[in-house]
Structures are given as C-alpha cells and as structure tokens.
Amino acid sequence: MAGMTLPTPLYGLYRAQIGFSELIVTVVFAVYAVGVIGVLLALGDFSDRVGRRPVLLAAMALSAASALCFVLEGGLPLLFLGRLLSGLAAGLLSGAATATVLELAPEGRQSRAGFAATAANMGGLGCGPLLAGLLAQYAPWPLRLPYLVHLALVLVSAAVIRRLPETARRTGPAGPPRPPGLKVPPQVRGVFTATSLAAFAGFALLGLFTAVAPSFVAQTLEVANLAVSGAVVFSVFLGSTAGQLLTGRLGTRRSLPVGCLLLVVGLALVAGSLALRTLDLLVAGALCGGFGQGLGFRAGLTAVGRAAPADHRAGTISSFFVVAYTGISLPVVGVGAMAVWLGLRDAGLVFAVCVAALAACVGLYVLRRPPIAD
C-alpha cells in the first residue's frame with residue numbers, strides 16, 4: 001500500500017520537469033482511484049470464487065509494474081500508466097487482503113485482525129509519502145530511488161504471500177468474472193449506507209492530503225523541504241491508524257459519530273491553516289481529521305464485515321471501498337478544477353466547508369439512529 005502514495009511529495013518535481021498545472025496533478029492522482037474503482041466494480045468478489053492467494057499475487061505483479069513505470073518515466077503517459085496500475089493493484093488488495101487477514105485470525109481475535117487489516121491499509125498509505133519525501137530530499141535519484149525501494153518491498157511481499165495458506169472456499173471457475181463483482185446483500189444495506197457515507201467523507205480528507213497537501217505546503221505555506229511535505233501527509237495517516245486502534249476501546253457503535261465529529265474539527269483546523277497560512281494548524285488538522293477518519297473507517301469496515309454473509313464478504317467489503325475511493329478522487333479533482341479559477345488556497349477552503357458539512361450530517365444521523373451494534 002505504500003507504493004500507492006509514493007508520488008505524493010514528488011508531484012512538484014514532476015511539475016518542474018514536465019510542466020503541468022495543479023489540475024493535472026489531481027487528475028494524475030484520480031487515475032489511481034479510477035483503477036481502484038474499476039477493479040472493484042469488475043472483480044470485487046473475484047477472490048471469493050477463485051481464492052485469495054492468486055488475487056494477492058496478481059496485485060503484487062501490478063504493483064511491481066507500476067514501480068517500473070515510474071522508474072522509466074519520461075513524461076505524462078508513463079505517469080498516468082503507473083498511477084493506473086497502482087490503482088488496479090490497490091483494487092485487488094482492498095477486498096481480498098482484508099478478507100484474508102480476517103479469515104486467518106484465530107477464534108476470538110477477529111477484532112485485532114480487523115485493526116491489522118485497516119492499519120495496514122492506512123499505515124502503508126502513510127509510509128509512502130514519508131519514505132519518498134526523505135529519499136527525495138536527502139538521497140540521490142529523487143525520482144527513481146523511492147520506486148526501486150518499493151519494488152524490492154513488493155518482491156519480499158510476494159514471497160510471503162506464496163507461503164500463506166488459502167483461506168477461501170472456491171465457489172466458481174477461475175475464468176473471466178461475472179460482472180458485477182460487487183454485492184451488498186439486503187440484510188447489510190442499512191449498515192452499509194451510513195458507514196459508507198462516513199467513509200466517503202473521511203477518504204475525501206485523505207485525498208486532499210495525498211493529492212494536493214504538498215502543493216499547499218510549498219505554495220501557500222512556502223515550505224520547500226520535500227521531507228516536511230511527506231511528513232505532513234504521513235501525519236494524517238498516522239492519525240488514522242491511531243483512531244483505528246482506539247475504536248476497539250470505544251466500541252464500533254460510538255466510534256462512528258465520534259469519528260465524524262473529529263473529522264469536522266480536523267477540517268476546521270485545515271481551513272484555519274489555509275486562512276492563516278500556518279503549518280502547525282495544518283499538522284493539527286491532519287492528526288485530528290485523520291484520527292476521526294480512522295475511528296469511522298474501522299468501525300464501518302468492522303460492521304460491514306460482520307454483517308456480510310461469508311460467501312459475499314469480499315464483494316461487500318469491495319463495495320464499501322468503492323464508495324470510499326469515490327470520496328478520495330472526485331472531491332480532489334474538484335479542488336484542482338477550482339484552483340484554476342479561485343487559486344489553491346480558496347479551493348481548499350471550499351473543499352473543507354463542503355466535506356465538513358457532509359461529515360456533520362452523517363454524524364448527527366448515526367448519533368440518532370446507530371446502525372451498528374457492539
């Protein structure tokens with residue numbers, strides 16, 4: 001998952017090398033989400049039918065191909081292709097890897113397994129910008145070395161996956177999938193609607209930091225150090241992982257409304273940092289908003305995973321991720337488009353207000369009608 005966010009602190013270098021606008025930065029980022037959503041729509045339940053391990057190994061192959069695209073990058077075409085391949089890899093991983101971790105857990109350890117799965121998602125995504133920022137700022141080959149390191153990590157991961165036991169009972173042929181790959185059974189839909197909207201709002205915050213926070217840091221806050229940019233993006237994922245850790249203590253029922261409230265506070269701090277041009281507030285907003293996103297995300301994923309029947313678990317989880325990754329892409333492209341006319345700072349303020357309003361509405365709804373039982 002770290003490979004999915006490696007380019008985040010490097011977009012400024014690509015802009016200087018190739019020459020493109022902030023809108024193109026968000027479009028390049030959104031291509032990743034298009035790949036994720038496309039795979040989830042077509043292959044969301046594929047690992048339910050052909051097994052987890054073949055799907056995980058295919059994801060590793062796509063991730064390695066993505067890294068090679070960035071190593072060989074010579075212009076926008078390979079940037080787009082690399083992001084698309086990383087999105088395809090993430091789409092395969094989102095449902096299959098989460099289901100695998102849950103199924104490998106011993107009896108009575110499902111809660112910890114749920115944390116391990118979501119922490120791997122968020123922690124990995126957070127480590128990508130931190131790793132790339134440090135290497136780009138302090139090591140040679142800033143646009144090559146991060147991807148070579150990632151390629152080595154992918155090879156190690158593939159070797160580990162080959163040794164894992166298969167956890168899925170095959171329910172179909174290994175041939176072409178039968179679309180649609182997603183499945184939300186009727187008994188899950190009540191839980192699914194509220195939790196997926198909370199995930200949409202939380203992932204919109206992650207998308208803002210992953211796609212354009214380095215531009216905020218460099219252009220609005222005038223901080224040019226790439227390691228600092230990577231650390232700012234890392235902080236939102238650090239907050240998310242911490243929030244997921246606390247979910248087990250709060251309980252899934254309380255975590256969802258509390259997470260929405262903290263997400264609103266985090267977005268207010270981000271807006272304040274843009275208005276006052278203060279890095280400290282941006283980091284505080286990242287940590288607070290990320291913490292709220294983590295609470296809501298783990299609570300929602302745990303609830304959906306529990307409610308889904310075993311033979312549709314990966315497909316239901318994949319549906320949850322489709323809504324989440326729509327949140328990480330569409331609002332961010334909107335920020336890029338608004339930045340052309342309003343400027344990056346004002347576009348970020350509009351974004352913060354809109355997403356905070358959505359999170360507040362969802363939080364109030366789930367407070368009055370909890371969709372989750374501990």
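You'll find the structure just up there.
These figures come from a predicted structure and were not determined experimentally.

Considerations on the overall build of the protein chain
Then, in step 1: From N to C terminus, the protein chain includes 14 helices and zero strands.
Then, in step 2: Reading the protein chain from its N terminus to its C terminus gives the helix and strand order α-α-α-α-α-α-α-α-α-α-α-α-α-α.
Then, in step 3: Since a compact globule built from 374 residues should have a radius of gyration of about 21 Å, the 19 Å found for the protein chain is in line with a globular shape.
Then, in step 4: Dimensions of the protein chain along its principal axes, counting C-alpha atoms only, are 55 × 50 × 30 Å.

A word on the environment of Y147
Then, in step 1: Note on placement: Y147 falls in helix α8 (residues 145-162).
Then, in step 2: As for Y147 and L6, which are separated by 141 residues in sequence, their C-alpha atoms are 7.6 Å apart.
Then, in step 3: At a separation of 3.1 Å, a polar atom in the side chain of Y147 contacts the side chain of Y14.

Topic: the pattern of salt bridges
Oppositely charged side chains may form a pair once their charged atoms are brought near each other.
Then, in step 1: For the structure on display, the rule yields three salt bridges.
Then, in step 2: With its nearest N and O atoms 3.9 Å apart, the salt bridge here joins E73 to R144. Here the residue E73 occupies a position in the loop between α5 (52-71) and α6 (76-104), and R144 occupies one in the loop between α7 (110-138) and α8, the gap between them amounting to 71 residues.
Then, in step 3: For E73, a relative accessible area of 3% translates into the label buried.

Thoughts on the layout of surface pockets
Then, in step 1: In this structure, the largest pocket occupies an estimated 680 Å³ of space.
Then, in step 2: Together, 26 residues line the largest pocket, and M1, M60, L93, A120 and S157 are the ones closest to its centre.
Then, in step 3: Looking at the lining of the largest pocket, the elements with two or more residues in it are α1 (2-5), α5, α6, α7 and α8.
Then, in step 4: Top contributing element to the lining of the largest pocket by residue count: α6, with seven residues.

Here we look at a nonpolar patch on the surface
Then, in step 1: Together, V340, W341, L342 and V350 give the surface a local cluster of nonpolar side chains, amounting to about 430 Å² of exposed area.
Then, in step 2: Looking at which element gives the most residues to the nonpolar patch, the answer is helix α13 (residues 313-342), with three residues.

Reading the values: rules and limits
- By convention here, each chain's residues receive numbers from 1 onward along its written sequence.
- In keeping with the model being predicted, local features are shown solely for residues with a pLDDT of at least 70 and side-chain atom pairs are shown and tallied solely at 80 or more, while totals for entire chains, interfaces and linings include all residues.
- Note: side-chain values were computed over all heavy atoms of the structure, leaving out hydrogens and water.
- Numbered from the N terminus, helices here are DSSP runs of H or I no shorter than four residues, and strands are runs of E no shorter than two.
- Both definitions apply: the radius of gyration is a C-alpha atom measure, and the globule rule equals 2.2 Å times residues to the power 0.38.
- Under the rule applied, a polar contact is a pair of N or O atoms within 3.5 Å (in protein, one hydrogen donor and one hydrogen acceptor; residues adjacent in sequence only if both atoms are side-chain atoms).
- When a carboxyl oxygen of Asp or Glu lies within 4 Å of a side-chain nitrogen of Lys or Arg, that pair is called a salt bridge.
- Burial classification: accessible surface area is computed with a 1.4 Å probe over protein chains only, and a residue below 20% of its type maximum counts as buried, one above 50% as exposed, and the rest as partly exposed.
- Any residue with an atom within 4 Å of a point lines the site, the site being either a cavity, points on a 1 Å grid over the protein atoms alone where a 1.4 Å probe fits but cannot get out, or a pocket, an open set with protein on both sides within 12 Å along at least 5 of 7 lines.
- Grid points are joined across faces, edges and corners, and a volume is the space filled by probe spheres set on the points.
- Patches were defined on residues exceeding 30% relative accessible area and lacking a salt bridge, with like-charge contacts within 9 Å and nonpolar side-chain contacts (Val, Leu, Ile, Met, Phe, Trp, Tyr) within 5 Å.
- The protein chains shown are the only cover counted for residues, whose accessible areas, like all others here, come from Shrake-Rupley with a 1.4 Å probe.

This is a description of form; function is not addressed.
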